[in-house]
Amino acid sequence: MEIRITRSKRRKKSVSARLVNGVLEIQAPSTATDAQLQPIIESLRSKLERKLARAQRQADQTLMARAQELNRQYFGGRLKWTAIRYVSNQHKRFGSCTPEHGVIRLSDRLQDMPDWVRDYVIVHELAHLEEPNHSARFWQLVRRYPKTERAIGFLMALGYVDADPDDDCRLPTEDC
């Protein structure tokens, strides 16, 4: 975690921290030395990491509950998976599924998008548990979600989805 220290003559005793765009910003008195700040920064960093881990677990639990509900609604509750979680290393796609392991990973970018877009991606990845490709049968399963076309249009409008149907057949075309 990157750390940025800002010292202020107005600050006399207290040291505070906040996370801004992935950078831990420390506000400290101008008289504080690096040696004095080191254990304080370590303590603040540790607390922040625990808080972020707790928030991630809650987000993943919420994600699991939503996936279970969508499984009941659109797949009759028949699908099984071992894990579904948000990840921060998916920059070119919004989700991935490893059917043989039952693991679904969703880009953490979805957390800032409308719920119906996130739901579409969940349904898309759940469908891969039954159809591990982008076949016509796969798209039949995905289209059970009534906002499929709307969600794809939303992602296209933001420039996140390539409109080229030859791009892994990510869009629901009859050619898949």
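Residues numbered from 1 in each chain as written. Predicted model: local features only at pLDDT ≥ 70, side-chain atom pairs only at ≥ 80, totals over all residues. Heavy atoms only, no water.

Undergrad: Looking at this structure, how should I read the confidence of the model for the protein?
TA: Note: predicted coordinates in regions of low pLDDT should not be interpreted at a detailed level. Scored by pLDDT, the protein comes out at a mean of 86, with 90% of its residues at no less than 70. The lowest-confidence element of the protein is strand β2 (residues 16-20), averaging 88 in pLDDT; the highest-confidence one is helix α2 (residues 115-130), averaging 95. Segment residues 163-176: pLDDT under 50, and 28 contacts once partners within four positions in sequence are set aside and those in other chains are kept. (pLDDT = per-residue confidence, 0-100. Helix = DSSP H or I, 4+ residues; strand = E, 2+ residues; numbered from the N terminus. Contact = heavy atoms within 4.5 Å.)

Undergrad: Would you mind showing me how to read the sheet that holds strand β4 (residues 83-87) here?
TA: Sheet strands pair via backbone hydrogen bonds, and the direction of the pair is either parallel or antiparallel. Taken in spatial order, the three strands of this open sheet run β4-β6-β5, and their pairing is mixed. Of all strands in the sheet, those with a lone pairing partner are β4 and β5 (95-98), marking the two edges. Across this sheet, the average inter-strand angle for adjacent strands is 15 degrees, counted without regard to direction. Here β4 pairs with strand β6 (residues 103-107) via five bridges, running parallel. The residue of β6 that forms the bridge with tyrosine 86 is leucine 106. (Pairing = 2+ DSSP bridges. Axes fitted to C-alpha atoms, helices over the stretch in contact; angles between N-to-C directions.)

Undergrad: Please explain the pairing of β5 as it appears in this structure.
TA: Each regular strand shows side chains that alternate between the opposite faces of the sheet. Side chains Gly95 and Cys97 of β5 all project onto a buried face; the interleaved residues Ser96 and Thr98 project onto the opposite face, where all are buried too. Strand direction decides the pairing type here: β5 and β6, joined by four bridges, are antiparallel. Opposite serine 96, over in β6, you have arginine 105 as the bridge partner. The loop that links β5 with its antiparallel partner β6 comprises four residues; one of these, glycine 102, has a positive phi angle of about 70 degrees. (Buried < 20%, exposed > 50% of the residue type's maximum accessible area, 1.4 Å probe, protein only.)

Undergrad: How do you make sense of the environment of histidine 128 when you look at a structure like this?
TA: Counting through the fold element by element, histidine 128 comes out in helix α2. A C-alpha to C-alpha distance of 18 Å links histidine 128 and lysine 92, two positions 36 residues apart in sequence. Histidine 128 has contacts with Cys97, Pro99, Asn133, His134 and Phe138, leaving out every residue within four places of it along the chain. A polar side-chain atom of histidine 128 sits 3.3 Å from a polar atom in the side chain of histidine 124. (Polar contact = N/O pair within 3.5 Å; in protein donor to acceptor, adjacent residues only side chain to side chain.)

Undergrad: What should I look at first to understand the pattern of salt bridges in this one?
TA: Oppositely charged side chains can pair when the atoms bearing their charge come close. Summed over the entire model, instances satisfying the criterion amount to 13 salt bridges. Between glutamate 2 and arginine 4 there is a salt bridge, with the nearest N and O atoms lying 3.8 Å from each other. With relative accessibility at 47%, the residue glutamate 2 sits in the partly exposed group. By relative accessible area, arginine 4 is classed as partly exposed at 38%. A salt bridge links glutamate 25 to arginine 18; the nearest nitrogen and oxygen atoms lie 3.2 Å apart. Since its relative accessible area comes to 13%, glutamate 25 is described here as buried. Here the salt bridges do not stand alone but share partners, grouping Glu2, Arg4, Arg18 and Glu25 into one network. (Salt bridge = Lys/Arg side-chain N within 4 Å of Asp/Glu carboxyl O.)

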